[in-house]
Amino acid sequence: MVHFIRENARTMRALVAVCAACALSILFVSQEIGTLREKERLVFRTNGLIWRMSETIFEVQRLSSDLVGYSEGRRDKEEVEMRFDILWGRLDLVAGSEIGKTEGLAPVIAELQAFLRREEEMIYEADTISDEEVLRLHSILDDHSKTARQAWAATFAVEDLQRQFVDLQSGNAAGRAADIAGYALIALLLAYVVSEVFLANRAQKRIQKLHHMAHSANEAKSLFLANVSHEIRTPLNGILGMASELSESDLDTDQRECITVIEQSGELLLGTINDVLDLSKVEAGRLELERAPFDLHRVLKTARDLHASRAREKGLKLRLEISDFVPHRVVGDERRLQQVLHNLVANAVKFTDKGCVTIDALIDAKSGEVLMRVSDTGPGIAPSALDKIFDPFVQADASVTRKYGGTGLGLAISSQITEAMGGQLTVKSDVGDGARFEVRLPLQRVEAKDLKREKLDMPETSALCGRRILIVDDNATNRLILERFLAPVDCIIYAASGGDEAVALAKETDFDAILMDIQMPGVDGVEATRRIREAERASGNGPVPIFAVTANVLTHQVTEYVAAGIDRVLPKPLPKQRLLRELVAVAKVSDQI
């Protein structure tokens, strides 16, 4: 219960505030209606009092008029007596009402009653009323009428009515209770507003703090990945480089098998590193995709051929079936598609102990998309694991890691790469009935003339003969590997173990290319490149091609290298064929200039 209240505290406060606002509205409306009714009752009561007093004054005037008429012979004595009785009754009625208790009218009414008592004997018992008495009575009645009218006007003035209404409201207990309730509700709403402002300010500060912590954590993660990448790629460069050199030498069958194991293990470790870096790029929204023509059939065959040997070792059939409607030439990112297919086929072969693995490609008749499926006859995937199989670092079965190895990144990265390419990666599986992964991609067909194939064999290196090449690396093993890669091409090799030494050599010698490591003690590769470019601008010499040969190849790092003046980035471990192709391309461009 306490946990529920904490989680929904803001909603509950808002509901209380809404209820308070509704109650306040109802209270104000009901109070306004009550006020209108009280005003109506006050008006009716006041009108009645005004009418009674005005009739009394009118009767005074009538009695005075009838006395004058009696003296002139227009009225008889009985009519005067009747008017006297009517005035007496009016005074008794008014004296018993609220008018008889008012400060201004009570004395006037008392004087009129005293006048009637004094003159009662003469009016009723005398046979006639003399003219002198008529004039006296007429004068007295006129004075009383005038005094009554003045008191009546003063009593029923507008200001006095307002005062009476205020007195009425202040004396109303229900009205006072309503006012207190209204003030309490207003105070509650103000407290809610103040608390929300305070809590919103505190939440904003907390969000800023969390944002800062997340930013710091992201920077720490990037730094960690950069360091891990460098620390693993650097020795791996030596392992794969030397394995490559040994594979080109004369080896017996047993030695070649050992070299093959070393190369395969190194490539597996390199693939794991690339998976981690790719996941980091995807999470940061920095995954870069290429759009270039490539041979789709060749990519599918390569995916089969790469794992054919492993499938034969396990006694599995590895089949490739390509529909006649699947185009040979399409536009997309060939390397990323190879990565996805490699992960799917590698998993299928790894988890299947008997039966077959099938790769098939066809065209969706409705959407025109290319469908590539990898099916196996393995143990299958439990329904509970299907929902999380594309999550990073997740295996369908915890025992899988112990039995087969792996980081659980392959499928997560494959799914995100496929989505980045505008497609979708899905899976269908039942326990004991194998699994089928389907890649759906909108690949555009291209003509044969637009297809450019890259040769993977060793390039012609005669263009490098006599070229001066500077190798800059603080790691002696890395320098040795690059020197061995370049030794057969008869180029002139220079070596520097740090950035300062590289800058000094660049000022003394006109190099045709510089292979620059980045992470070095003292002056690193980025700073050394800046100094070399500054020296070139000062001397007027043309820029020498500088290649960053580095294990630090995160997107933001590559951007920094290019900004410093580096022409190309070659990630470690660097294959011999790629190094030679890059240098040959630079040499040919230099010859054309």
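Source: prediction; values computed, not measured.

This part covers the nonpolar core. Burial of nonpolar side chains together is a common tendency in soluble globular proteins. Core analysis: the largest hydrophobic core is formed by 40 residues, its most contacted members being Leu 296, Leu 300, Leu 337, Leu 344, Met 372 and Phe 437. Per-element accounting of this core gives the leading share, 7 residues, to helix α10 (residues 334–351). When neighbours within four sequence positions are excluded, Leu 296 is seen to be in contact with Val 326, Pro 327, His 328, Val 330, Leu 337, Val 370, Met 372 and Leu 443. Val 60, Phe 84, Met 122 and Val 134 belong to the second largest nonpolar core, which has 25 residues in total.

We now examine helix α15 (residues 499–508). Looking only at α15, the buried set comprises Gly 499, Ala 502, Val 503 and Leu 505. Each buried residue of α15 lies within a common arc of 165 degrees when the element is viewed along its axis, so the set occupies one face. Exposed side of α15, more than 90 degrees from the buried face: Lys 507 and Glu 508 are the residues found there. Against β9 (468–472), β10 (492–496) and α16 (525–539) lie the buried residues of α15.

A few words on helix α5 (residues 131–155). Compared with the 36 Å implied by 1.5 Å per residue over 25 residues, the 36 Å span of α5 between its first and last C-alpha is a close match. Residues of α5 that are buried: Val 134, Leu 137, Leu 141, His 144, Ser 145, Ala 148, Ala 151 and Thr 155.

This paragraph deals with a negative patch on the surface. Taken together, the side chains of Asp 85, Glu 120, Glu 121 and Glu 125 make up a negatively charged region of the molecular surface. Sort the elements by how many residues they give to the negative patch and helix α4 (residues 106–125) lands first, with 3 residues. Tracing the sequence through the fold places Glu 121 in helix α4. Exposure remark for Glu 121: the relative accessible area of 54% places this residue in the exposed category.

Turning our eyes to something else, we now look at the pattern of salt bridges. The full count for this structure, using the stated rule, is 28 salt bridges. Note that Arg 74 and Glu 72 form a salt bridge whose closest N and O atoms lie 2.7 Å from each other. When its relative accessible area of 54% is taken as the criterion, Glu 72 is described as exposed. Across the pair Arg 578 and Glu 582 runs a salt bridge, and its minimum N-O distance is 3.8 Å.

What follows covers the state of the cysteines. By definition, a disulfide links the sulfur atoms of two cysteine residues through a covalent bond. Counting across every chain of the model gives 0 disulfides. Counting only cysteine sulfurs, Cys 491 is the nearest neighbor of Cys 465, a cysteine outside any disulfide, at a range of 8.7 Å.

With that settled, consider the confidence of the model for the chain. Of the residues in the chain, 83% have a pLDDT of 70 or more, and the chain-wide mean is 80. Taken as a whole, residues 396–407 scores under 50 in pLDDT and shows 17 contacts with residues more than four places along the chain or in a different chain. Residue range residues 450–456 is modelled with pLDDT below 50. Its contacts to residues more than four positions away, or to other chains, number 11 contacts.

With parallel pairing, 5 strands are arranged side by side in an open sheet as β10-β9-β11-β12-β13. Edge positions in the sheet fall to β10 and β13 (568–571), since each of these pairs with one other strand and no more. Strand-to-strand twist in this sheet, taken as the mean axis angle between neighbours without regard to direction, amounts to 20 degrees. Across 5 bridges, the pairing between β9 and β10 is parallel.

Attention shifts here to the packing of aromatic side chains. Counted under the stated rule, the structure contains 3 aromatic pairs. Taken together, a centroid distance of 6.2 Å and an interplanar angle of 40 degrees make the contact between Phe 84 and Trp 88 tilted. Placement of both Phe 84 and Trp 88 in helix α3 (residues 77–95) is noted, with a separation of 4 residues, approximately one turn of the helix. Accessibility expressed as a relative area gives 2% for Phe 84, which makes it buried. On the basis of relative accessible area, Trp 88 is assigned to the partly exposed category, the value being 24%. Note on Tyr 494 and Phe 511: the rings are 5.0 Å apart at their centroids and 80 degrees apart in plane angle, and the pair reads as edge-to-face. Here the residue Tyr 494 occupies a position in strand β10, and Phe 511 occupies one in the loop between α15 and β11 (513–516), the gap between them amounting to 17 residues.

About the thresholds
- Residues numbered from 1 in each chain as written.
- Predicted model: local features only at pLDDT ≥ 70, side-chain atom pairs only at ≥ 80, totals over all residues.
- Heavy atoms only, no water.
- Core = buried A, V, L, I, M, F, W, Y, C linked by side-chain atoms within 4.5 Å.
- Buried < 20%, exposed > 50% of the residue type's maximum accessible area, 1.4 Å probe, protein only.
- Helix = DSSP H or I, 4+ residues; strand = E, 2+ residues; numbered from the N terminus.
- Contact = heavy atoms within 4.5 Å.
- Arc of directions from axis to C-beta.
- Expected span 1.5 Å × (residues − 1).
- Patch = residues over 30% accessible without salt bridge, like charges linked within 9 Å, V, L, I, M, F, W, Y side chains within 5 Å.
- Areas by Shrake-Rupley, 256 points an atom, 1.4 Å probe, with all protein chains shown as cover.
- Salt bridge = Lys/Arg side-chain N within 4 Å of Asp/Glu carboxyl O.
- Lys, Arg positive; Asp, Glu negative; His and termini not counted.
- Charge placed at Lys NZ, Arg CZ, Asp CG, Glu CD.
- Disulfide = S-S within 2.5 Å.
- pLDDT = per-residue confidence, 0-100.
- Pairing = 2+ DSSP bridges.
- Axes fitted to C-alpha atoms, helices over the stretch in contact; angles between N-to-C directions.
- Phe/Tyr/Trp six-rings, centres within 6.5 Å; stacked < 30°, edge-to-face > 60°.

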